Amino acid sequence: LRSRTRDSLPGLLITMLGRHQLAVVIVAGFLVCGVTATGVPSDGRVEDQVEDHVQVMVVPVEERERGACDCTPSGCPTPTPSGCTAARSVLWLPLGDSITWGCNGPTIQDCHSDTGGYRVPLALALAQHPLGSPNAVGFNLSTMGTLETGPPYVPRQWLSHEGHPGWQINTVDGILNKSLATSTRPPDLITIHLGTNDCNAGVAPSAMVARMNSLLGHILAAVPKAQVFLADVIATGNAWNTCILAYNKLVAGVVEVWVGKGLSIHYVPVFAAMQPGCGGADNASDLCGGHQIHPTSAGYPRMASAFALSILQHFK
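Residues numbered from 1 in each chain as written. Predicted model: local features only at pLDDT ≥ 70, side-chain atom pairs only at ≥ 80, totals over all residues. Heavy atoms only, no water.

Caption draft 1: Up close: helix α11 (residues 300-314). With 15 residues, α11 extends 21 Å between its outermost C-alpha atoms, agreeing within 8% with the 21 Å of an ideal straight helix rising 1.5 Å per residue. In this fold, the buried residues of α11 make contact with α3 (98-101), α4 (119-127), β8 (189-193), β9 (227-231), β10 (264-268) and α10 (270-274). (Helix = DSSP H or I, 4+ residues; strand = E, 2+ residues; numbered from the N terminus. Expected span 1.5 Å × (residues − 1). Contact = heavy atoms within 4.5 Å.)

This is the structure we're talking about:
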């Protein structure tokens, strides 16, 4: 920044701003938040290098990466040693089957290492500033689990999970301690989408509830402060969709029981979010693959949206 002349960078900034606008500019490795203001002190700082009707706050870019200096129409927040607004660190354990992996077909060969299912769009939603909440920031999100799959263009810290193709509720329950051992820190957030393979195997909905109660009991005993988001099961175009419909009617009651036992748990209606979804007629069937079990890349974001909405509403 050289001078107050119009052909300097500050002059360009002022030209872009006018007198009643807002700008965020990167200058020489710094994030510059500019808002209209008056009476800027002349103390030789960068803030004094623009005309006095514009106030500029400079924060190192590395601070921005920690959630710093997000300007709003009312101004820029005051910097703190950890940034203007520190993002909350949240550790997430996704529990599920091939749908949580992000498979796009009925066989293990359809479960590719670079697919993220609903996990990646959900991670993206949780890491962003919530729409409609200008004073809130997204989470500094990381994941845990024995598996690591997902696209290479997202942070690796989003890719751990327990989405095992073909697994049932009790199978996932059986490795819970191993899952929890993948981090020295207990999870803050646990999402569960399980039951598709139980129905496919002919397990009765009442037995599925018993299996889920076992899993939730082990979660409460091992990580009592974790916040759990339990989803019902998305539809399928197969004959065992009748089982899914019957089980889904029981999921809200399972949540109510465990709330009474002291578990922080919330119901997530992914079945409704995916409708007409798997097994749907006409173009709706494109939300799922030809086998009508796993969502497509158009369907998985619907699941993510249902989880994101519930988490934004209830996560404390």
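There is more to say, and it comes next.
Caption draft 2: Geometry of the packing of aromatic side chains. Going through the model one piece at a time under the given rule, you end up with two aromatic pairs. Ring centres 5.4 Å apart and planes at 20 degrees place the aromatic pair Tyr118 and Phe307 in the stacked group. Of this pair, Tyr118 sits in the loop between α3 and α4 while Phe307 sits in helix α11, and the two are 189 residues apart along the sequence. The ring of Trp258 has Lys261 lying over it, and the distance from NZ or CZ to the ring centre is 4.2 Å. (Phe/Tyr/Trp six-rings, centres within 6.5 Å; stacked < 30°, edge-to-face > 60°. Lys NZ or Arg CZ within 6 Å of the ring centre and 35° of its normal.)

Caption draft 3: The state of the cysteines, seen in detail. Taken as a whole, this structure holds three disulfides when the rule is applied. Here Cys103 connects covalently by a disulfide to Cys111, the sulfurs 1.9 Å from one another. Disulfide Cys103-Cys111: the torsion about the S-S bond is 110 degrees, which places it as right-handed. Taking relative accessible area as the criterion, Cys103 reaches 0% and is therefore assigned buried. Residue Cys111 is classed as buried on the basis of its relative accessible area, which comes to 10%. (Disulfide = S-S within 2.5 Å. Buried < 20%, exposed > 50% of the residue type's maximum accessible area, 1.4 Å probe, protein only.)

Caption draft 4: Structural view of the confidence of the model for the chain. For the chain, per-residue confidence averages 79 on the pLDDT scale, and 70% of positions sit at 70 or higher. Across residues 1-83, confidence stays below pLDDT 50; counting only partners more than four residues off in sequence or on other chains, it has 145 contacts. (pLDDT = per-residue confidence, 0-100.)

Caption draft 5: Region of the structure containing the nonpolar core. Of all hydrophobic cores here, the largest spans 36 residues; its most connected members are Ile190, Ile192, Met212, Leu215, Leu216, Ile219 and Leu230. When residues of this core are traced back to their parent elements, those giving at least two are β4 (89-97), α5 (169-174), α6 (176-180), β8, α8 (205-222), β9 and α9 (241-260). Each residue touching Ile192, except ones within four places of it in the same chain, is listed here: Leu95, Met212, Leu215, Leu216, Ile219, Val228, Phe229, Leu230, Ala231 and Phe307. Formed by 31 residues, the second largest nonpolar core is a distinct cluster that contains Ile234, Cys288, Ala306 and Ala308. (Core = buried A, V, L, I, M, F, W, Y, C linked by side-chain atoms within 4.5 Å.)

Caption draft 6: Broad picture of α9. Here α9 contains 20 residues, and its C-alpha end-to-end distance of 30 Å stays within 8% of the 28 Å for a straight helix at 1.5 Å per residue. Where α9 bends most, the angle comes to about 30 degrees, and this point is Leu250. Among the residues of α9, those classed as buried are Asn241, Cys243, Ile244, Tyr247, Asn248, Val251, Val254, Val255 and Trp258. Along its buried surface, α9 packs onto α5, α7 (196-200), α8, β9, β10 and α10. (Bend = angle between axes of the 7 residues up to and from the residue.)

Caption draft 7: Focus on the pattern of salt bridges. Counting across every chain of the model gives three salt bridges. Across the salt bridge formed by Arg156 and Glu148, the nearest N and O atoms sit 2.8 Å from each other. A relative accessible area of 61% means that Arg156 is categorised as exposed. Accessibility expressed as a relative area gives 41% for Glu148, which makes it partly exposed. In this structure, the salt-bridge partner of Arg211 is Asp198, at a minimum N-O distance of 2.7 Å. You can see Arg211 sitting in helix α8 and its partner Asp198 sitting in helix α7, a full 13 residues away along the chain. (Salt bridge = Lys/Arg side-chain N within 4 Å of Asp/Glu carboxyl O.)

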